[in-house]
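# Reading the structure
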Amino acid sequence: MPGRDTSWGRASELEDLSGRVAIAGVGESIHTPASGRDALEIAASAVEAALADAGLGIADVDGLMCSGHMEGQLDERAFREHFAFDGPLWTSRQGGGMVWAGTAPVQAARALASGEAHVIVNAFSVAWATQRRKGEGDPGMFHAAEQFKANLELPFGWFPQPVYFATIARRHMHEYGTTPEQLGAIAVSCRRHANRHPGAVMRDKPLTLDDYLAQPMLVDPLRLSDCCLISDGGAAYVMTTPERARDLARPPVLVAGVGEGLSDAGTYWSQQGDFTATPQVFSAPGAFAMAGVRPDDVDVLTLYDPFTIVALMQIEDMGFCEKGEGGAFVAGGRLDYDGGGLPYNTHGGLLSHAYVLGIAHVVEVVRQLRGEASAQVPDCQVGVYGGYTGHMASTLVLTRDA
Amino acid sequence: MSGALPDTDFAPTREFWAAAARGQLAIPRCAACERYVWYPRDVCPGCGSRDMPWVVVSGRGRLFAWALVERALFAPFADSVPYVTGLVALREDPAVRIVTRIVDCDPGDLEIDMPVEVVFRDLAFPGDDRRVPAPFFRP
């Protein structure tokens, strides 16, 4: 990126795994407001759906990936107990949602190549809506417990996440002239997609740009619709070799490229070296190079979108437009599946589909490439998921099997 | 969580709060390479030195960015909304951004990069009798 300081982070070195992993099945739980369900039963229902999609059963599974960063996930013990599973099981905690929804294929490729596993399920779920209702925690908990945030940020009311990203949005507006209408355009495109998606939490709630602009500020310059949902739900996907996948129930989707980027400032948003950028600056180029594609080749994009501004920054940082031109790029329905621009979060994203921290974004890309999405992009050949978790970003390039 | 007061005994930030109690703004600076190091850490990211004494700084800087919190999303601030919180880039080194409150102003008059200066106010939250002096900023 000429002229921009890139001294604040770096790309992870990843081996070339293009063509080594296929996604053979995808599945989701139902997505709901507070439901009383726990994260384990949610994840288990998503795993069952993903295996059924692939034409496989629990007995075919010999690999399991879940998050090493969240409580209550479907780990080996929970998996064995829930499914009365006693076979051999390769496991990795470098999976789940968030950035790992994009980088799980890295570990999976090694296990598939070594023969340690042949059918690997990656699952992730949350029950944040239920937990929040019960007073058992919320997405701000991690940050509130961090000592430097607790001692240098919380005392000044710079917390929780909507405050971080409102501050970033303000600076982005100053540096690049980004407008509320442009942020709102992202929320409106996501909602339009959710309105078409049978499983979306906001399925029946339309949102126009006028509706958006009429909302009071939550944390100025962000309104409620700039912020993600809090819901209960989960999703899973099944990975195997492309050869094996071709014999299964669904057309395989191939992992063509993976990237990962890191910021040196850790999860301290206040101290990010480039305050209005994400580590997609470091992640996306490697993933596109591994896949042999350019941003122009991408037919559908899904991004981890806790806030509209996070989507806008990633679109810029991944090279879909020049830095600072994201506002014009997203305006006027150009992110709609049929808007003539770049079809984006065609399931509705964290803003309007469900708060599943990115794993449903991967499910959506797979559905698009198989031609079965509810807001289907015609002739979809190349799909990308961009993950973003604090100081990390990931990029997953998926393609249709040739 | 009943309040949002800092733990003034937490070693890595203890001097920040001790300085505030004296009406001073202090930041660690590497004795070897003279770089300001924020947030505090054990090893200077510039030169690897472990000698980073806290030094008193001017208390002047520029308003890097801010948010106007209209609805309380964090219980201790329920009685404080609307309030302005944000980041001040320090005059001595603009790469050092202090998280703070912006006070004594109409939020509508705030501008990015405007000069601001430190002013010390007590932090106090409902349900907690303690008061802790803290560096706020004003235009």
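Small disclaimer: the values here were computed from a predicted structure and weren't measured.

### As for the overall build of chain B
Helix and strand counts for chain B stand at 1 helix and 7 strands. Order of helices (α) and strands (β) in chain B, N terminus to C terminus: α-β-β-β-β-β-β-β. The globule rule puts the C-alpha radius of gyration for 139 residues at 14 Å, and the 16 Å found for chain B is close to it. Across chain B, the fraction of contacts at a sequence separation of at least 24, relative to all contacts at a separation of at least 6, is 52%. Here chain B has roughly 6600 Å² of accessible surface; of this, 43% comes from carbon and sulfur atoms.

### A look at helix α7 (residues 161-176) of chain A
All names here are of chain A. For α7, spanning 16 residues, the distance from its first C-alpha to its last is 22 Å, which sits close to the expected 22 Å at 1.5 Å a residue. Where burial is concerned, most of α7 is hidden: 13 out of the 16 residues are buried. Gly177 sits one or two positions beyond α7 and adopts a positive phi of about 75 degrees.

### Observations regarding the confidence of the model for chain B
Looking at chain B, the pLDDT average stands at 96 and 99% of residues meet or exceed 70. Interface scoring of the predicted complex returns ipTM 0.98; its pTM is 0.97.

### Observations concerning the environment of Ala11 of chain B
All names here are of chain B. Along the chain, the position of Ala11 falls in the segment before α1 (14-21). On the basis of relative accessibility, which here comes to 46%, the residue Ala11 falls in the partly exposed class. Residues Ala11 and Pro40, 29 residues apart in the sequence, show an inter-C-alpha distance of 10.0 Å.

### Considerations on the side chain of Ser29 of chain A
Mapped onto the elements of the fold, Ser29 of chain A is located in the loop between β2 (22-28) and α1 (39-54). When near neighbours in sequence (up to four residues on either side) are disregarded, Ser29 of chain A contacts Arg37, Ile42, Ser45, Ala46, Gly233 and Gly234 of chain A.

### What to know about helix α2 (residues 76-83) of chain A
All names here are of chain A. Taken as a whole, α2 has its buried residues at Ala78, Phe79 and Phe83. Buried residues of α2, viewed axially, fall in a sector of 105 degrees; they line one side. Residues of α2 that are exposed and point over 90 degrees away from its buried face: Arg77 and Glu81. Of the surrounding elements, those touching the buried residues of α2 are α1 and β3 (63-65). Just downstream of α2, Ala84 is the residue with a positive phi angle, here 45 degrees.

### Digging into the pairing of strand β6 (residues 115-123) of chain B
Looking along a regular strand, one sees the side chains alternate between the two faces of the sheet. Residue and element names in this part refer to chain B. Where strand β3 (residues 60-69) lies against β6, 3 bridges are found, and the strand directions are antiparallel. By the bridge assignment for β6, Gly61 is matched with Val116. Sheet topology note: the β6/strand β7 (residues 132-138) ladder contains 7 bridges and is antiparallel. Residue Val119 lies in a different strand from β7, and its bridge partner there is Phe136.

### Observations regarding unusual backbone geometry
The omega torsion of the bond from Trp38 of chain B to Tyr39 of chain B falls at 0 degrees, within 30 degrees of zero and hence cis. Within the fold, Tyr39 of chain B resides in the loop between β1 (26-28) and β2 (54-56). Each neighbour pair has its own omega, and for Val81 of chain B with Pro82 of chain B the value is -10 degrees, a cis peptide bond. Along the chain, Pro82 of chain B turns up in the loop between β3 and β4 (83-90). Positive phi outside glycine occurs at Met98 of chain A, with the angle close to 55 degrees. For Met98 of chain A, the location among the structural elements is in the loop between β4 (90-92) and α3 (100-114). Look at Met98 of chain A and you get buried, because its relative accessible area is 8%.

What counts as what
Residues numbered from 1 in each chain as written. Chains lettered and ligands numbered in written order. Predicted model: local features only at pLDDT ≥ 70, side-chain atom pairs only at ≥ 80, totals over all residues. Heavy atoms only, no water. Helix = DSSP H or I, 4+ residues; strand = E, 2+ residues; numbered from the N terminus. Rg over C-alpha atoms; globule rule 2.2 N^0.38 Å. Contact = heavy atoms within 4.5 Å. Areas by Shrake-Rupley, 256 points an atom, 1.4 Å probe, with all protein chains shown as cover. Expected span 1.5 Å × (residues − 1). Buried < 20%, exposed > 50% of the residue type's maximum accessible area, 1.4 Å probe, protein only. pLDDT = per-residue confidence, 0-100. Arc of directions from axis to C-beta. Pairing = 2+ DSSP bridges.

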